[in-house]
Amino acid sequence: MADKLIIFDTTLRDGEQSPGASMTRDEKLRIARQLERLRVDVIEAGFAASSNGDFEAVKLIADNIRESTVCSLARANDRDIARAAEALKGAAQARIHTFIATSALHMEKKLRMTPDQVLEQARQSVRFARNLCGDIEFSPEDGYRSDVDFLCRVLEAVIDEGATTLNIPDTVGYAIPELYGDFIRTLRERVPNSDKAIWSVHCHNDLGMAVANSLAGVKIGGARQIECTINGLGERAGNCALEEVVMALRTRRDYFGLDVGIDATQIVPASRMVSQTTGFVVQPNKAVVGANAFAHASGIHQDGVLKARDTYEIMRAEDVGWSANKIVLGKLSGRNAFKQRLQELGVSLASEAEVNAAFARFKDLADRKSEIFDEDIIALVGDESVSAEQEHFRFLSLSQRSETGERPHARVTFSVGASEFTTESDGNGPVDASLKAIESQVQSGAEMLLYSVNAITSGSTESQGEVTVRLQHGGRVVNGVGADPDIVIASAKAYLSALNKLHGNVDRVAAQG
Ligand code: KIV
Ligand code: ZN
């Protein structure tokens, strides 16, 4: 029987560390449910000790996910580890992932600790964690740039204390595939008790080699766990992309000879969900999940594919979850059909009241847009999944006037808590005027870092526009997303959604890498 490779998804932890990718608790649970449908083995749900919000998110996911192991990150100290264990109490299968930096640079400049102190702290932390949880992962942060002799001593010690997975991060994305593969192999050969743990790879993408490095860690190094994120989301240039690494292993199974338990048909829905939730758009030529990944434009290619698909295609679009845009519902569809479609899409709303509210939004949308696609429903439910207490600012209505030669003007009505406001402003364009109108009332002082518009479904101007607004305030960066057939309204919704995130979040401790 072929070896099994463990897929460890860290979209909700390392991915969320990407500036602007912060997600609400409910958004995280929705993504965790999708990761469970995707059948990832381990979901790293967050960093419980970093903030109350992260603790609550890890707890919510631990309490609700039954099939995948749920993991929390923790620095190598008793407080962080105890907090992680507390958040994971309700999990069907729990893992604590503890880490401490081991490179000379990090130990000296960041931790200001000697190597012996780091070794001792790693040992004691794993011992402490092991008394709270049977599944312990240890990561030597900046492991790839660490002295190999010292690293072997640390790894041997933590295995002795009961670590069950050893993860070797290339924290800064410095590795080269062959060298990284050799590095993992050397560690496995030199650590005397290496066979008592599963070896894992965690590669960042600063030089665009995260997927290649991870695969080399598996093929050359013998690792049996890959840490990755949906769409490669993550710090700086991101992490190893789940969709790419999984499809490389599948498509070239002849070479790797390893099995992954992933349901690949859930890849594209997962990619869309993460992109819509964070507002991080997927580039069209991105492997597997980009809009052009299976598009053939040149006549020669089209001709070849029509004659025999495998002339130019090494994977089938439908195997990774691409489906032709399907009209799923229309304005005559009833509440039951809507509810059933939500179930088929794997969306579960918390109460009948939420279903009713989402159905009302659906009816409103169906009045303005003749064809409703799955993507429209997901965007609509995305709005609905924000619970009332998180939605401090709520869009109500908008009117705007723009005419050639005239300065555009907008009037926006929205609620702030229990009060309703109508504000007006001019602007360079109708979007600018609408956002200025909102800001004139709210006076958040936030700086806008990004504004982008995308069509939710491709092919026609009938599509809903999906707008992402990235705001920065008081050292925090948040993304707001809004969808509507009218892009001015979508923009106002996105702006209010970003303000809600700025309003509702608690400061968090920055995690490493
Ligand atoms: O990149 C890194 O080193 C990390 C560790 C915390 C595993 O994310
Ligand atoms: Zn990382």
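Being a predicted model, the structure only gives us computed values, none of them experimental. (Residues numbered from 1 in each chain as written. Chains lettered and ligands numbered in written order. Predicted model: local features only at pLDDT ≥ 70, side-chain atom pairs only at ≥ 80, totals over all residues. Heavy atoms only, no water.)

**Q** Account for the sheet that holds strand β13 (residues 393-401), naming residues and giving values.
**A** Within a beta sheet, neighbouring strands are joined by backbone hydrogen bonds and run either parallel or antiparallel to one another. Strand order in the open sheet formed by 3 strands is β13-β14-β15, with antiparallel pairing between adjacent strands. Strands with a single pairing partner mark the edges of an open sheet, and in this sheet they are β13 and β15 (419-426). Direction aside, neighbouring strands of the sheet carry axes that sit 15° apart on average. Where strand β14 (residues 409-416) and β15 come together, 8 bridges link them in antiparallel fashion. The partner of Thr 413 across the bridge, within β15, is Thr 422. (Pairing = 2+ DSSP bridges. Helix = DSSP H or I, 4+ residues; strand = E, 2+ residues; numbered from the N terminus. Axes fitted to C-alpha atoms, helices over the stretch in contact; angles between N-to-C directions.)

**Q** Now, about the side chain of Asp 54: what can you tell me, with residues and values included?
**A** Along the chain, Asp 54 falls in helix α2 (residues 52-64). By relative accessible area, which is 4% here, Asp 54 ends up buried. (Buried < 20%, exposed > 50% of the residue type's maximum accessible area, 1.4 Å probe, protein only.)

**Q** Now, about the side chain of Ser 18: what can you tell me, with residues and values included?
**A** In this structure, Ser 18 sits in the loop between β2 (6-9) and α1 (25-38). Relative accessible area serves as the criterion here: at 6%, Ser 18 is assigned to the buried category. Here Ser 18 is in contact with Leu 233, Gly 234, Glu 235 and Phe 280, once residues within four sequence places are set aside. (Contact = heavy atoms within 4.5 Å.)

**Q** Report on the confidence of the model for the protein chain, specifying residues and quantitative values.
**A** In low-pLDDT regions, the fine details of the predicted coordinates are not to be read closely. Scored by pLDDT, the protein chain has a mean of 91; 94% of the residues are at 70 or more. Ignoring residues within four places in sequence, the model shows residues 505-513, a span with pLDDT below 50, making 32 contacts including any to other chains. (pLDDT = per-residue confidence, 0-100.)

**Q** Describe in detail the nonpolar core, supporting the description with residues and values.
**A** Nonpolar side chains in soluble globular proteins tend to be buried together. Core analysis: the largest hydrophobic core is formed by 94 residues, its most contacted members being Leu 38, Ile 96, Phe 138, Leu 155, Leu 166, Ile 226 and Val 246. Residues lining this core come from more than one domain, with at least three contributed by each of domain 1 (6-278) and domain 2 (294-319). Among the nonpolar cores identified, the runner-up in size contains 26 residues, and Leu 398, Val 412, Val 469 and Leu 496 belong to it. (Core = buried A, V, L, I, M, F, W, Y, C linked by side-chain atoms within 4.5 Å. Domains from an automatic or database assignment.)

**Q** Explain the packing of helix α5 (residues 115-130) against helix α6 (residues 148-160) to me, using residue names and the numbers behind them.
**A** Relative orientation and spacing of two packed helices are given, respectively, by the angle between their axes and the distance between those axes. Contact geometry for α5 and α6: axes closest at 9 Å, N-to-C directions at 20°. In this view, α5 runs roughly parallel relative to α6, as classed from their interaxial angle. Once α5 is placed against α6, the crossing between them reads as right-handed. Across the interface between the two elements, Pro 115, Asp 116, Val 118, Leu 119, Ala 122, Arg 123 and Val 126 of α5 pack against Phe 150, Arg 153, Val 154, Ala 157 and Val 158 of α6. Residues that form the contact of α5 with α6 fall into these classes: 9 nonpolar, no polar and 3 charged. (Parallel < 35°, antiparallel > 145°, perpendicular 65-115°, else oblique. Left-handed = near helix turned anticlockwise from the far one by under 90°. Nonpolar A, V, L, I, M, F, W, Y, C, P; charged D, E, K, R; others polar.)

**Q** Give me the packing of aromatic side chains: which residues, what numbers.
**A** Aromatic rings in a pair are described by how distant their centres are and how their planes are angled relative to each other. Counted under the stated rule, the structure contains 8 aromatic pairs. An angle of 50° between the planes, with centres 5.6 Å apart, marks the rings of Phe 338 and Phe 359 as tilted. One end of the pair, Phe 338, is in helix α13 (residues 335-344); the other, Phe 359, is in helix α14 (residues 352-368), and 21 residues separate them in sequence. With respect to class, Phe 338 is no different from Phe 359; both count as buried. Seen in terms of ring centroids, Phe 414 and Phe 421 are 6.4 Å apart; in terms of plane orientation they differ by 40°. Their pairing is tilted. Taking the relative accessible area as the measure of exposure, Phe 421 reaches 26% and is therefore partly exposed. (Phe/Tyr/Trp six-rings, centres within 6.5 Å; stacked < 30°, edge-to-face > 60°.)

**Q** Explain the domain arrangement of the protein chain to me, and be specific about the residues and the numbers.
**A** Domain annotation of the protein chain identifies domain 1 (6-278), domain 2 (294-319), domain 3 (327-382) and domain 4 (393-503). For domain 1 versus domain 3, the separation of C-alpha centres amounts to 36 Å. Listed by partner, the interface residues are 5 residues for domain 1 and 7 residues for domain 3. On inspection of domain 1 and its partner domain 3, the count reaches 0 salt bridges. (Salt bridge = Lys/Arg side-chain N within 4 Å of Asp/Glu carboxyl O.)

**Q** Hey, could you go over the UniProt feature "binding site: Mn(2+)" (unreviewed entry) in the protein chain for me, with residue numbers and the actual values?
**A** Those residues carrying the UniProt feature "binding site: Mn(2+)" (unreviewed entry) are Asp 14, His 202, His 204 and Asn 239 in this numbering. Spanning 226 residues, the named residues nonetheless gather at one spot, since no C-alpha pair among them exceeds 10.4 Å. What makes Asp 14 buried here is its relative accessible area of 0%. At 3.3 Å, the side chain of Asp 14 forms a polar contact with the side chain of His 204. With respect to the element layout, Asn 239 can be found in the loop between β9 (225-228) and α9 (242-251). Once you skip the residues sitting within four places of it in the chain, Asn 239 turns out to touch Thr 10, Asp 14, His 202, Cys 203, His 204, Asn 205, Ala 210, Thr 229, Gly 232, Leu 233 and Gly 234. (UniProt positions renumbered as here; feature names shortened; annotations may be inferred. Polar contact = N/O pair within 3.5 Å; in protein donor to acceptor, adjacent residues only side chain to side chain.)

**Q** Describe in detail the environment of Asp 376, supporting the description with residues and values.
**A** In this fold, Asp 376 is placed in helix α15 (residues 374-384). The exposure class assigned to Asp 376 is buried, which follows from its relative accessible area of 0%. Each C-alpha atom of the pair Asp 376 and Glu 466 lies 9.8 Å from the other, and the pair is 90 residues apart in sequence. When sequence neighbours within four positions are dropped, the list of residues in contact with Asp 376 reads Leu 365, Lys 369, Glu 371, Ile 456 and Gln 464. Here Lys 369 takes part through its side chain, which lies 3.0 Å from a polar atom of the side chain of Asp 376. A distance of 2.9 Å separates polar atoms of two side chains, one belonging to Asp 376 and the other to Gln 464.

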